Amino acid sequence: MQVQYIQVAIPVPMRQLFTYQVPTNLQSPEVNLGERVIVPFGGRQVIGIIMAVQDTCDIPTAKLKNILARVNDPYKFTKQLLHFLRLCADYYHHPIGDVFQQALPVLLRNLKQPDVSPALEWCLVNELAQNEIDKLQKKAPKQVALYQLFHSRKTHTWAEIRTLGFTKSQLSALQNKNIITEQVRPIKKFSWQTGSINADNRLKLSVEQAVIVAALQGSIDQFSCHLIDGITGSGKTEVYLQAMEPVLANNKQVLIMVPEIGLTPQTLNRFEQRFNVAIYLHHSGLNNTERLETWLAAQRGCAAIVIGTRSAVFTPLHDLGLIIVDEEHDNSLKQQDSFRYHGRDMAILRARQLNIPIILGSATPSLVTLQNALSGKYHYHQLLKRAGKSNTAKIELVDVAQQPLEYGLSSNLKQAIKNTLTRGEQVLIFLNRRGYAPAINCQECHWIAGCQRCDKPYTLHQGKQLLICHHCGSQKRVPPQCPGCGSVRIAPIGQGTEQLEQRIADLFPDQSIVRIDRDSTRRKGELAKLLQEVTEKKHQILVGTQMLAKGHHFPDVTLVAILDVDGALFSFDFRAAEHMAQLLVQVSGRAGRESKPGKVLVQTHYPEHPILQDLVHNGYGHFAQQALVERKQAWLPPFGFQALFRADANYPSYPEKFLHVIAQNNIDGCEFAGPIPAAMEKKAGKYRFHLIVQAKSRKSLHLGVQQLIQLIQQNEWQKKVRWSVDIDPIDMNW
Ligand code: ADP
Ligand code: ZN
Ligand code: ZN
């Protein structure tokens with residue numbers, strides 16, 4: 001036998017494959033693409049993935065190393081997935097090894113072979129009588145809720161139970177009462193049966209919904225991209241559910257991508273209640289073993305449905321028939337560091353590769369998607385009415401320029417809160433700034449406590465008695481006196497959610513107030529607990545950040561107050577208005593979901609601002625079309641295409657020089673903007689610069705970026721800076 005040569009992708013930030021020899025003793029069984037191998041690299045042993053196998057090689061054999069071993073386990077990449085990951089790497093001009101690194105479950109990146117014990121599930125074995133349920137309801141309502149979960153669907157894994165907001169002790173309680181029992185989760189290939197659907201739960205579709213479901217059914221076996229543009233509560237989820245039916249009935253798998261599962265457990269619940277098929281999860285709340293289980297179940301065809309966050313797009317679903325991306329406008333679908341991919345865009349790429357349909361859903365579609373729908377590239381479906389009885393909440397602007405505010409609240413707003421509470425309904429107050437105050441200063445010499453690594457003020461976290469930099473995470477004790485003049489008159493400036501919570505408590509001493517932001521929900525299970533308490537009406541007032549804007553269902557919240565939207569009206573970032581409009585509409589979607597009418601009050605200093613006026617009077621759709629007209633005139637996305645080169649270094653001149661050298665090049669069809677200092681010019685001690693590349697066609701952009709990357713490899717400055725390229729950037733603040 002002859003020596004074989006293989007090209008291997010290795011998890012290192014280099015844009016190339018590495019060639020190794022396969023010694024004859026390792027050549028059988030046959031070497032396949034997508035296999036993992038252990039190779040020597042820079043004095044270490046690393047896991048690599050075989051991307052090509054060849055019999056000859058141009059490199060002198062003396063320079064080549066042998067692979068050390070082949071990993072022999074069931075976790076293999078199919079050609080299809082390899083091809084997809086390669087497409088992703090090419091699209092983002094990102095090192096292929098790093099793409100694998102991010103797309104692979106952690107346990108498959110280790111040299112040690114994963115030792116995975118069989119997965120467990122819990123199964124209902126005994127029913128409770130009604131009087132037992134009533135008795136338990138008084139003592140332990142959560143146990144009853146968990147019992148009901150099992151009642152409507154007989155088996156659940158711990159990952160599901162946890163994601164739905166239940167605790168281990170609630171699970172154990174039911175197990176000790178002999179209501180449920182633990183068993184090994186069977187590994188069997190998914191196949192559709194009569195009992196696979198709970199047809200009783202199916203809702204009778206409205207005409208609007210039925211038209212969409214019919215259209216989807218008509219395009220089930222080829223690539224097509226569908227936007228469902230439907231206001232909150234218009235029944236998009238019901239459309240997804242019914243569109244999935246024929247796909248599953250055909251024994252094909254469905255991938256559902258959502259921005260954050262932990263925030264919207266009720267969505268998961270609805271899929272579980274409808275389909276009695278194996279559902280697997282993929283999100284950050286799972287441990288490594290659970291993620292590997294999902295990966296394997298998908299590949300073996302055991303998983304009928306995978307529900308996950310952005311990286312679920314890389315799940316090796318063996319026989320995928322439909323992809324659904326819910327809340328497609330949500331920026332958390334885009335990864336903001338290292339491999340900066342957009343989960344939605346890669347999902348579209350995957351659907352195209354597999355020649356299957358994909359559905360994008362949103363109440364506030366991104367301008368990119370909307371333009372594709374309006375231009376006829378995607379199928380455009382609208383749901384204009386809310387399903388059921390409830391009405392959309394009305395948005396009203398409150399002019400705060402002319403009136404004094406008490407703790408950030410206008411008198412109109414205070415009155416509206418009082419009225420709502422008097423009716424026994426709940427209030428949501430939205431402030432997108434966590435912490436107690438965004439800065440502290442000395443009232444004598446005006447010194448401001450700032451993070452020196454970022455040149456930005458520290459945020460005061462009163463509860464922890466800490467100053468925390470929200471940009472680099474560094475922390476400091478609150479100084480007892482001013483380091484400049486020694487004065488002890490140090491005071492907070494501005495207001496964050498922590499302070500707002502206290503002030504609201506002062507204003508409404510008889511009410512229970514709950515704060516929901518990243519700080520108050522850091523502990524595992526805390527968010528689910530707080531959300532549950534809100535639903536149970538243990539709290540009357542909710543104070544929170546944009547975490548609260550996402551998909552929750554608060555039946556009794558009838559007033560939503562938004563304290564501050566003005567920043568976005570005058571931002572340098574052309575996307576700020578789009579994001580603000582989405583946020584505003586999404587937040588207002590939280591109000592009045594049941595039969596009670598809802599109201600949204602937006603405090604602003606600029607009530608006459610055309611963007612706000614347009615949103616209030618004409619709605620998101622009209623605003624979006626206006627915004628598209630402006631983007632078109634300026635050749636901005638989605639009409640132009642952008643890539644953002646970022647560079648940082650310890651000295652300010654380095655990244656600027658580096659980007660300047662790039663910008664000197666003449667690239668066909670591409671224009672440069674910059675280099676300019678990043679919005680956060682200094683972060684964690686590094687100086688940061690941006691260079692934007694713009695083109696009128698995607699093809700020119702990609703060719704241009706490719707050329708630039710080659711030129712960078714020869715640029716001597718590249719060794720002095722850290723640089724990256726972001727294709728279709730959405731956040732220029734980074
Ligand atoms: P969205 O996903 O657009 O926010 P949902 O699918 O969650 O909307 O629907 C909102 C509410 O309306 C849910 O309580 C759902 O059960 C109900 N609903 C949806 N479609 C129908 C229908 N065809 N008939 C009656 N109720 C419906
Ligand atoms: Zn001072
Ligand atoms: Zn900092």
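Residues numbered from 1 in each chain as written. Chains lettered and ligands numbered in written order. Predicted model: local features only at pLDDT ≥ 70, side-chain atom pairs only at ≥ 80, totals over all residues. Heavy atoms only, no water.

Caption draft 1: Inspection of the side chain of Q242 at higher detail. Of note, Q242 is situated in helix 8 (residues 236-249). On the basis of relative accessible area, Q242 is assigned to the buried category, the value being 10%. A distance of 3.0 Å separates the side chain of Q242 from the backbone oxygen of L203, its partner in a polar contact. (Helix = DSSP H or I, 4+ residues; strand = E, 2+ residues; numbered from the N terminus. Buried < 20%, exposed > 50% of the residue type's maximum accessible area, 1.4 Å probe, protein only. Polar contact = N/O pair within 3.5 Å; in protein donor to acceptor, adjacent residues only side chain to side chain.)

Caption draft 2: Broad picture of the site of ligand 1. Close to ligand 1 lie 15 residues; K204, Q209, G233, T237 and R270 are nearest. Taking K204, its main chain carries an N or O atom lying 2.7 Å from a nitrogen atom of ligand 1. Taking 550 Å² as the accessible area of ligand 1 by itself, protein coverage stands at 72%. Its residues assigned to classes, the shell around ligand 1 shows four nonpolar, seven polar and four charged. (Near = heavy atom within 4 Å. Areas by Shrake-Rupley, 256 points an atom, 1.4 Å probe, with all protein chains shown as cover. Nonpolar A, V, L, I, M, F, W, Y, C, P; charged D, E, K, R; others polar.)

Caption draft 3: Quick peek at the coordination of the zinc ion (ligand 3). Around the zinc ion (ligand 3), the protein supplies C451 (SG), C454 (SG), C469 (SG) and C472 (SG) as donor atoms, at distances of 2.3 to 2.4 Å. Coordination geometry of the zinc ion (ligand 3): the four donor atoms subtend angles of 107 to 111° at the metal centre, consistent with an arrangement described as tetrahedral. Sequence spacing of the donor residues for the zinc ion (ligand 3), all on one chain, is C-x2-C-x14-C-x2-C. In this pair, C454 sits in the loop between strand 19 (450-451) and strand 20 (456-457) while C469 sits in the loop between strand 22 (466-468) and strand 23 (475-477), placing the two residues 15 residues apart along the sequence. Exposure remark for C454: the relative accessible area of 2% places this residue in the buried category. (Donors = N, O, S within 2.8 Å, 3.2 Å for Na, K, Ca; no water. Tetrahedral: all angles 85-135°; square planar, octahedral: opposite > 155°, others 65-115°.)

Caption draft 4: Structural detail: the pattern of salt bridges. Per the stated rule, a full pass over the model turns up 30 salt bridges. Put simply, R153 and E272 hold a salt bridge, and the shortest N to O gap is 4.0 Å. Highlighted residues: R153 in the loop between helix 4 (141-152) and strand 7 (155-156) and E272 in helix 9 (residues 265-274), separated in sequence by 119 residues. Residues K529 and E533 are paired through a salt bridge, measuring 4.0 Å at the closest nitrogen-oxygen approach. (Salt bridge = Lys/Arg side-chain N within 4 Å of Asp/Glu carboxyl O.)

Caption draft 5: Up close: the domain arrangement of the chain. For the chain, the assigned domains read domain 1 (4-109), domain 2 (120-184), domain 3 (199-383), domain 4 (394-434 + 496-633), domain 5 (439-493) and domain 6 (641-727). On a C-alpha basis, the centroid separation for the pair domain 1 and domain 5 is 50 Å. (Domains from an automatic or database assignment.)

Caption draft 6: Molecular detail of the coordination of the zinc ion (ligand 2). Protein coordination at the zinc ion (ligand 2): the donors are C442 (SG), C445 (SG), C482 (SG) and C485 (SG), at 2.2 to 2.4 Å from the metal. Classification of the site at the zinc ion (ligand 2) as tetrahedral follows from its four donor atoms and the range of 103 to 114° in their angles at the metal. The sequence motif formed by the donor residues of the zinc ion (ligand 2) is C-x2-C-x36-C-x2-C. Accessibility expressed as a relative area gives 0% for C442, which makes it buried.

Caption draft 7: Looking closely at helix 8. Counted at 1.5 Å a residue, the expected span for helix 8 with its 14 residues is 20 Å, and the 20 Å between its end C-alpha atoms agrees. Burial within helix 8 is extensive, with 12 of its 14 residues counted as buried. Within helix 8 the residues assigned to the buried category are K236, T237, E238, V239, Y240, L241, Q242, A243, M244, E245, V247 and L248. (Expected span 1.5 Å × (residues − 1).)

Caption draft 8: Region of interest: the packing of aromatic side chains. Going through the model one piece at a time under the given rule, you end up with 15 aromatic pairs. With a centroid separation of 5.8 Å and an interplanar angle of 45°, the aromatic rings of Y620 and F623 are classed as tilted. Taken together, the residues span about one helical turn, with Y620 and F623 both in helix 18 (residues 610-633) at a distance of three residues. Judged by its relative accessible area of 7%, Y620 falls in the buried class. With a centroid separation of 6.4 Å and an interplanar angle of 35°, the aromatic rings of F658 and W723 are classed as tilted. Taken together, the residues span a long stretch of sequence, with F658 in helix 19 (residues 653-663) and W723 in strand 32 (residues 722-727) at a distance of 65 residues. In this structure, F658 and W723 share a single accessibility class: buried. Ring-pair connections join several aromatic residues into one group, and the members of that group are F84, Y91, Y92, F314, F339 and Y341. For the cation-ring pair, R350 lies above F84, with the distance from its terminal atom to the ring centre recorded as 5.3 Å. The side chain of K720 reaches across the aromatic face of W717, ending 4.5 Å from its centre. (Phe/Tyr/Trp six-rings, centres within 6.5 Å; stacked < 30°, edge-to-face > 60°. Lys NZ or Arg CZ within 6 Å of the ring centre and 35° of its normal.)

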